[in-house]
Amino acid sequence: MSKFSAMSLLKGALTGYKNVEPQWPDAELKSEYDVIIVGAGGHGLGAAYYLAKEHGITNVAVIDKGWLGGGNTGRNTTIIRSNYLYDESARLYDHAVDLWDGLSQDLNYNVMFSQRGVMMLAHNVHDVQSFKRHIHSNRLNGVDNVWLTPEQAKEKCPPLNIAANARYPVMGAAFQQRGGTARHDAVAWGYARAAAARGVDIIQNCPVLSIERGLDGSVTGLQTARGFVKAKKIAVSAAGGTSVVMDTAGVQLPLESYPLQALVSEPVKPIFPQVVMSNSVHAYISQSDKGELVIGSGTDQYVSYSQRGGLPLIEHTLAAICEVFPIFRRMRMLRKWGGVVDVTPDRSPILGKTPVQGLYLNCGWGTGGFKATPGSAHVFAHTIAKDEPHPINAPFTLSRFETGRLIDEAAAAAVAH
Amino acid sequence: MLLIHCPYCKEKLPELEFEYAGQAHIARPENPAEQTDAEWRDYLFIRSNVRGDHAEQWRHSHGCGRYFNALRNTVSDKFIATYEIGQACPTSHAEGEENNEQLES
């Protein structure tokens, strides 16, 4: 596969890009693999890439019921930040931000990581206290996060309404400069391309029917729509569908799958410089490089696998956006969609081993998995290869729901994650 | 928007009047002091999260204020039945039977 460079771009431009080759082959399912990863989203493809690159395990398949990156990787609002409260979370999410920085070079694929900064608005005294606590905690953990007065916030983000009589008055904001956005599809494509180049098979449109276990309880392989395939290790990275897949292996999980909706406006010229989130009014917004405003809302209230949500939530979100940014009141929305997010009781992911030998689990990212993609994939690959967790993901066990050692990030995650 | 039939008000009303309240038919342990950690985990955290017919609780918070149960398909979001607290989960739906057995086990 050819390498992207300034020279290859120039050559392509001069020759009209007539000789673009496929970036990865549509692989045939082999009869046996060392590792099979269920779910070809950013997390799954990334884990395959790091397995091949850092652990030398290349007899790997990534298998998906749909097309690659077509689940939550292609449906999120691409926000990246690491300003989480607890030490465990700060380490995990900041590991991801460290890897985001340099990912394009690592993959030789432009993921358009833009550290434009993430601003979280405080609308009441509770928000102010909570965010300041987060800032202090973040700084102790080496995560950048600063407090902005309403005027400073307005200076950074001019469309913001900081009037004292606003429906949602802005009492200040927490600001993480290292946060930002990345191009979600490019993340899936970049990992797929780099993993395939190292020998990983990417199998699309092949639903997994069940995880098969042998007499000793350990995994033996997968029953798929294209027949049985043997595997020494199986790693499930299936987001909203995790409960269904894991149920076939006899593992019950503390997960509930909710619809999470997002929408985009018509494209306009650059007007919105940062990512702005408002947890207490349930809205977050940024502007894509194409010019669309990308707007996200909270989860619908009921469990669902429908990949679409209800309109009341969209109305609520847009009402909040119009109050906080009155300039957008006449903006027209182009489309909306939903994904299915798997939510844990403590709003922290489950990332590690399971009670079943040879079965590994990466799930429970809820409404905020995209930001963690490289970090999560990196430590998940370590867990699969070494059969023991990386120090960073060691606290994110499935057994914490039995021991009670929860990592309660409900305040950081809240509705907007 | 979902239209939900409240079994107490006997009326089909918009979702905005209702609050979702999680999986139904999870009984609180009768002897909390005797529960093991694993049993507490199962009671507090483990959920069926079925892709199919799901027995769940709703509250008519902007109406009669009462909790009731519902059987709803989580793929189509279609309500199969709503019924009062204390009543058994209806199993008339052909596909529902298998899932309901799983819920009870």
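The structure we're discussing is the one just above.
Counting restarts for each chain, with residues numbered from 1 along the sequence as it is written. Note on labels: chains are lettered from A, ligands numbered from 1, in written order. For this predicted model, a pLDDT threshold of at least 70 governs which residues receive local features, and a threshold of 80 or more governs which side-chain atom pairs are given and counted, while totals over whole chains, interfaces and linings are taken from all residues.

Colleague: What should I look at first to understand the interface of chain B and chain A in this one?
Modeller: Frequently, the measure chosen for interface size is the accessible area removed from exposure when the parts meet. Between chain B and chain A, the contact holds 20 residues from the first and 21 residues from the second. We count a stretch as a helix when DSSP gives it H or I for four or more residues in a row; a strand needs E for two or more, and each element gets its number in order from the N terminus. Taken together, the elements giving at least two residues each to the side of chain B that touches chain A come down to β3 (19-23), α1 (37-44) and β4 (53-59) of chain B. Looking at the side of chain B that touches chain A, the element that brings in the most residues is α1(B), giving three residues. Here the contact rule is simple: place C-beta atoms from the backbone, and any two residues whose C-beta atoms are within 7 Å are in contact.

Colleague: Would you take a moment to explain the sheet that holds strand β5 (residues 67-73) of chain B for this structure?
Modeller: Hydrogen bonds along the backbone pair up the strands of a sheet, which may run parallel or antiparallel. Residue and element names in this part refer to chain B. At least two bridges found by DSSP between two strands are what make those strands a pair. Within the open sheet, the four strands sit side by side as β3-β4-β5-β6. Their pairing is antiparallel. Two strands bound the open sheet, and with one partner strand each, they are β3 and β6 (79-84). The sheet shows a mean angle of 30° between the axes of neighbouring strands, taken without regard to direction. In this structure, β5 lies alongside β6, joined through five bridges in antiparallel fashion. Across the sheet, residue Arg-72 finds its bridge partner in β6, namely Phe-79. Fitted lines through C-alpha atoms serve as axes, helices being fitted only where they are in contact, and the angles separating the N-to-C directions of these axes extend from 0 to 180 degrees.

Colleague: Just to check I follow, could you spell out the environment of A:Val356 for this structure?
Modeller: Residues and elements named next belong to chain A. With respect to the helices and strands, the residue Val-356 is situated in the loop between β17 (350-353) and β18 (359-363). Assessed through the 18 C-beta atoms surrounding it within 10 Å, Val-356 is described here as partly exposed. Note: C-alpha distance between Val-356 and Thr-224 (132 residues apart in sequence) is 19 Å. With sequence-adjacent residues up to four places away left out, Val-356 is seen in contact with Arg-213, Gly-217, Ser-218, Val-219, Ala-249 and Val-251. Partly exposed residues are those whose C-beta has more than 12 but fewer than 20 other C-beta atoms within 10 Å; 20 or more makes a residue buried and 12 or fewer makes it exposed, with C-beta atoms placed from the backbone.

Colleague: Mind showing me how you'd approach the sheet that holds strand β15 (residues 293-299) of chain A here?
Modeller: Residue and element names in this part refer to chain A. Pairing within the open sheet is mixed, and its eight strands lie in the order β5-β6-β4-β13-β14-β15-β12-β16. Two strands in the sheet have a free side with no partner beyond their single neighbour: β5 (146-148) and β16 (333-343). This sheet shows a mean twist of 20° between the axes of neighbouring strands, independent of strand direction. Here three bridges tie strand β4 (residues 118-122) to strand β13 (residues 275-278), and the two strands are oriented parallel to one another. Each bridged residue has a counterpart across the sheet, and for Met-120 the counterpart in β13 is Met-277. The strands touched by helix α9 (residues 311-324) are β12 (256-265), β13, β14 (283-287), β15 and β16; relative to β15, the strand with the most contacts, the crossing angle is about 125°.

Coordinates in, geometry out; function isn't part of it.
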